[in-house]
Amino acid sequence: MVTEIAKAKLNLALHVRARRPDGYHELETLFAFVADGDVVQVEPAESDRFTITGPFGALLSGEGDNLVTRAASAFRERFGGGAHAIALDKRLPVASGIGGGSADAAATLRALGVLHGVAVDEMFDIADRLGSDVPACLFGRSAIGRGRGEQLEPVAGLPGMPVLLVNPGVWVSTAEVFRRWDGVDRGPLPVDPREGRNDLEPPARAIAPVIDEVLEALAASPGAGLVRMSGSGATCFALFDSDGSRDAACAALAGRGWWMLASSLT
């Protein structure tokens, strides 16, 4: 059995440059990843099996097909390998702007690669077909993403940087957030991409005003530095100057019914 962590993905900055004729958007984003996430376990089996457990597993249990099973099918079509039993421990909120299904698909590909001796570099074409964030999640390290996000340029990250992720428990449609983007190109990523912005914050906040409350609470936390929404929301995050500051903020925000994850960047 091979176990892979489907690390939560963060967009430390996300600039939307243009709408594309193919229905996607031209992006410039700074990807980062945290140490924690969903857990995927894969092992050979006589027939394909897929099980979902975990705090958010029930939200996906009725799906007959998802990115994990599609990743496994695409891998088999390309590289062979037979049937597998795949177990997903769903610990991250669904449709929350932190990778979710994309990270799960990437972790599945990595696990299958380990089982069958296929290098990660050989699987990026599969990842690209599965979704815009899957290549970045397969890469799993800090990178600037361009195009739909699939054109990756590795950059120095901030390994060990304390981070607190907070989701207010609302689901925000990625398609609707992009639809509400005002179409204004506000420019490329700056030299230090962390000094950028998330162009999807305004439309997401209009759909789910509670995001404002989360961002304000994080910004008011002692020791918080960069505070931003990730992806199309509704998960927000803050980078902290110490583990102690992060943990104190987590404790201070407890009791609001928000999902939180205290972790660090990898």
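Bear in mind the structure is a predicted one, so any value in this text is a computation, not a measurement.

## Some points on the overall build of the protein
Turning to step 1, where the next piece is worked out: Scanning the protein from terminus to terminus reveals eight helices and ten strands.
Turning to step 2, where the next piece is worked out: The globule rule puts the C-alpha radius of gyration for 266 residues at 18 Å, and the 18 Å found for the protein is close to it.
Turning to step 3, where the next piece is worked out: Dimensions of the protein, computed from C-alpha atoms along their principal axes, come out at roughly 55 × 45 × 35 Å.
Turning to step 4, where the next piece is worked out: In the protein, which comprises 266 residues, the share counted as buried stands at 51%.
Turning to step 5, where the next piece is worked out: Partitioning the intrachain contacts of the protein with sequence separation of at least 6 by distance along the chain shows that 74% fall at a separation of at least 24.

## So, the nonpolar core
Turning to step 1, where the next piece is worked out: Ranked by internal contacts, the top residues of the largest apolar core, which has 32 residues, are Leu 109 and Leu 130.
Turning to step 2, where the next piece is worked out: Elements supplying a minimum of two residues to this core: β1 (2-19), β2 (25-44), α1 (67-79), β4 (84-89), α2 (101-116), α3 (124-130) and α4 (134-139).
Turning to step 3, where the next piece is worked out: Looking at this core, the element that brings in the most residues is α2, giving seven residues.
Turning to step 4, where the next piece is worked out: Sequence-distant contacts of Leu 130, that is, excluding residues within four places in its chain, are made with Leu 67, Arg 70, Ala 71, Ala 105 and Leu 109.
Turning to step 5, where the next piece is worked out: One finds Leu 164, Val 166, Val 172 and Trp 181 within the second-largest nonpolar core, a separate group that totals 25 residues.

## Observations concerning the side chain of Ser 102
Turning to step 1, where the next piece is worked out: Topologically, Ser 102 is positioned in helix α2.
Turning to step 2, where the next piece is worked out: Judged by its relative accessible area of 12%, Ser 102 is buried.
Turning to step 3, where the next piece is worked out: Those residues in contact with Ser 102 that lie beyond four places of it in its chain are Leu 67, Asp 133, Val 134 and Cys 137.

## Let's talk about the sheet that holds strand β8 (residues 224-229)
Turning to step 1, where the next piece is worked out: Taken together, the four strands give an open sheet; going across it, the order is β8-β9-β7-β10, and neighbouring strands pair in antiparallel fashion. Across the chains shown, the open sheet's two edge strands, defined by having one partner strand only, are β8 and β10 (259-264). For this sheet, the mean angle separating the axes of adjacent strands, direction not counted, is 15°.
Turning to step 2, where the next piece is worked out: Bridge analysis of strand β7 (residues 162-167) against strand β9 (residues 236-240) gives four bridges, and the strand direction is antiparallel. Bridge pairing links Leu 165 to Phe 237 in β9.
Turning to step 3, where the next piece is worked out: Of the strands in this sheet, β7, β8 and β9 touch helix α7 (residues 210-219), which is tilted by about 170° from β8.
Turning to step 4, where the next piece is worked out: Contacts from helix α8 (residues 243-253) reach β7, β9 and β10, with the element oriented near 20° to β7.

## Describing the state of the cysteines
Turning to step 1, where the next piece is worked out: Enumeration over the complete set of coordinates arrives at zero disulfides.
Turning to step 2, where the next piece is worked out: Free of any disulfide, Cys 137 has its nearest cysteine sulfur in Cys 236, 18 Å distant.

## A few points about the pairing of β2
Turning to step 1, where the next piece is worked out: The buried fraction of β2 is high, at 14 of 20 residues.
Turning to step 2, where the next piece is worked out: Bridge count for β1 against β2 is 15 bridges, and the pairing is antiparallel. Considered in β2, the bridge of Ile 5 is made with Val 39.
Turning to step 3, where the next piece is worked out: Two successive antiparallel strands, β1 and β2, enclose a turn made up of five residues, where Gly 23 displays a positive phi of approximately 95°.
Turning to step 4, where the next piece is worked out: Judged from the five bridges that link them, β2 and strand β5 (residues 143-147) form a sheet pairing that is antiparallel. Each residue of the ladder has a partner; that of Phe 31, found in β5, is Ala 143.
Turning to step 5, where the next piece is worked out: Bridge count for β2 against β4 is six bridges, and the pairing is antiparallel. Across the sheet, the residue bridging to Val 42 is Ile 86, located in β4.

Definitions and cut-offs
- Residues numbered from 1 in each chain as written.
- Predicted model: local features only at pLDDT ≥ 70, side-chain atom pairs only at ≥ 80, totals over all residues.
- Heavy atoms only, no water.
- Helix = DSSP H or I, 4+ residues; strand = E, 2+ residues; numbered from the N terminus.
- Rg over C-alpha atoms; globule rule 2.2 N^0.38 Å.
- Buried < 20%, exposed > 50% of the residue type's maximum accessible area, 1.4 Å probe, protein only.
- Contact = heavy atoms within 4.5 Å.
- Core = buried A, V, L, I, M, F, W, Y, C linked by side-chain atoms within 4.5 Å.
- Pairing = 2+ DSSP bridges.
- Axes fitted to C-alpha atoms, helices over the stretch in contact; angles between N-to-C directions.
- Disulfide = S-S within 2.5 Å.

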